[in-house]
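# Observations on the three-dimensional arrangement
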Amino acid sequence: MPLKLNTPDQRYTDSIGQIIENKEAYAGQRAIHKAGVKYLTPLSNMDLRTREGMAEYIEYKGRTLFPNFVSKTVEGMTGLIFRKAPVNKLPKQLEYMLTNATATGKSLKDVEKMISTELMLTDCVGVKVSLPQADKSIVSALDAEKKNIRPYITIHEAEDIIKVFYDIYNNIEMISLVVLREKALDKSDEFNRKTEFNYTVLDLVDFGDSLPVYRERRYDKNCVMIKDSEIFPTIQGEFFNEIPFRLADINGGTKASVEDLTKANINYYKMNGPYTDGVYRCGFAVPTVTGVAPESVPTAFGPSEILFAESKDAKFGMLESTAGGADKAERFLKNLENLMAALGANMLNPSKMVAETAESKKLDHQSQASVLSMVSDTTQDTVQWAVDLSSKWMGI
């Protein structure tokens, strides 16, 4: 039985789990809490099949903080990349991209930041130049401008790139098929609009000529082709011979720069749960009473209260936990903080607090600069490709 068009390729299957984990960590505490037991296992006394057990778990989860080291690191790296505003020199016909490069109000600078962020989080981002269909009523660039007929850029996150296949044409390896998952609004119910996923297929069709022809098709959520959705975009009246889509990556799309940091951050959260719960329950001494009838147990305790019982067997005391377990957990959490600092979240500990040799500092800076440089260069190359292709469509 042939696979459906929305059946993911091996690249997607191998990476989607870690991609979602990176994205959820980046999104922060609300997303991590929403994931529930995926990241925070219930304690042994919490039976989630019962209302009481679920209530205890929700309270337990609410006390467990998720300090977002991943987001701070990515935002810090992005700030370093864009500490100087990028200079985008565009032809006059493309100056609209400075304020609206995506047809949704995102500027070219916004596009660059989105690409850089995705590269750090997933090491894979798709960029497509949407080419308008030929319109016989357009006879000049002014007509095209008046009717807003112009190319624009769309960003496709890694989790929405279902398939990417390559083939060789005239001894050149090219993308031959792309399947993209795209959000669509179901308006069938006027008062209950829902977001669903449709699919866009970009491929090259071989008509027997020396070069293939670019084609676009759209499918609904059931993978049924939408009527009249098949188009063959052209550039200056000629069919286009490659797919206007680029898959950008810096590590071959195999491992994101923040992957190790994400693992450490989530492990910190998992350990922080039991530790916080232990401090919450055992951080203070608990009064105890033995040797008295239940109805004779004092109902108030405190420095201003006098405890008295008629029974000679009555004993009053304070139950306190030993500090050994809590100390070990605290040391473990501190070690994870140091690990995350080494992996990129340098803002956790000021550098002056750590003794480093000049050589180790040099290596640290070189490593950081290497990642920054690769992200920056890949972003710049990808945006330049999109601008060049748009220029070609405009006849510049």
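See the structure shown above.
Below or above, wherever it landed, is the structure these notes cover. (Residues numbered from 1 in each chain as written. Predicted model: local features only at pLDDT ≥ 70, side-chain atom pairs only at ≥ 80, totals over all residues. Heavy atoms only, no water.)

Here the focus is the environment of Lys315. Relative to the elements of secondary structure, Lys315 occurs in strand E11 (residues 315-319). Sequence separation of Lys315 and Val292 is 23 residues, and the distance between their C-alpha atoms is 8.2 Å. Once residues lying within four places of it in the same chain are set aside, the contact partners of Lys315 are Thr288, Val289 and Thr290. (Helix = DSSP H or I, 4+ residues; strand = E, 2+ residues; numbered from the N terminus. Contact = heavy atoms within 4.5 Å.)

Further remarks concern the packing of aromatic side chains. Aromatic rings considered in pairs are described by the distance between their centres and by the relative angle of their planes. This model, assessed by the stated rule, comprises four aromatic pairs. Between the aromatic rings of Phe232 and Phe239, the centroid separation amounts to 6.2 Å while the plane-to-plane angle is 75 degrees, which identifies the pairing as edge-to-face. A relative accessible area of 26% places Phe232 in the partly exposed class. Its end group placed over the ring of Phe82, Lys113 keeps NZ or CZ at 5.9 Å from the ring centre. (Phe/Tyr/Trp six-rings, centres within 6.5 Å; stacked < 30°, edge-to-face > 60°. Buried < 20%, exposed > 50% of the residue type's maximum accessible area, 1.4 Å probe, protein only. Lys NZ or Arg CZ within 6 Å of the ring centre and 35° of its normal.)

Our focus in this paragraph is the pattern of salt bridges. Throughout the structure, instances matching the rule amount to 18 salt bridges. The closest approach of N and O atoms between Arg11 and Asp9, which form a salt bridge, is 3.8 Å. For Arg11, a relative accessible area of 23% puts it in the partly exposed group. Asp9 sits in the buried class, given a relative accessible area of 9%. Via salt bridges that share partners, Lys23, Glu118, Glu157 and Glu159 belong to a single interconnected network. (Salt bridge = Lys/Arg side-chain N within 4 Å of Asp/Glu carboxyl O.)

The next point concerns the packing of helix H1 (residues 10-27) against helix H5 (residues 108-122). Taken N-terminus to C-terminus, the directions of H1 and H5 make an angle of 120 degrees; their axes are 9 Å apart at the nearest point. By the angle between their directions, the pair H1 and H5 is classed as oblique. When H1 is examined against H5, the residues Ile19, Asn22, Lys23 and Tyr26 are found in contact with a partner set consisting of Thr117, Glu118, Leu121 and Thr122. Looking at the contact of H1 with H5 residue by residue, the class counts come to three nonpolar, three polar and two charged. (Axes fitted to C-alpha atoms, helices over the stretch in contact; angles between N-to-C directions. Parallel < 35°, antiparallel > 145°, perpendicular 65-115°, else oblique. Nonpolar A, V, L, I, M, F, W, Y, C, P; charged D, E, K, R; others polar.)

What follows covers the environment of Asn335. Within the secondary structure, Asn335 is located in helix H8 (residues 324-343). Counting along the chain gives 67 residues from Asn335 to Tyr268, while the straight-line C-alpha distance between them is 9.6 Å.

So, on to the sheet that holds strand E9 (residues 245-248). In a beta sheet, neighbouring strands are held together by backbone hydrogen bonds and run either parallel or antiparallel to one another. In space, the three strands of this open sheet follow the order E2-E1-E9, with antiparallel pairing throughout. Strands with a single pairing partner mark the edges of an open sheet, and in this sheet they are strand E2 (152-157) and E9. For this sheet, the mean angle separating the axes of adjacent strands, direction not counted, is 20 degrees. Bridge count for strand E1 (residues 125-130) against E9 is four bridges, and the pairing is antiparallel. Paired with Gly126 across the two strands is Leu247, which belongs to E9. Along the sheet, H5 makes contact with E1, E2 and E9, crossing E2 at roughly 20 degrees. (Pairing = 2+ DSSP bridges.)

What follows deals with the environment of Arg11. With respect to the element layout, Arg11 can be found in helix H1. Taking C-alpha positions, Arg11 is 8.1 Å from Lys163, a pair spaced 152 residues apart along the chain.

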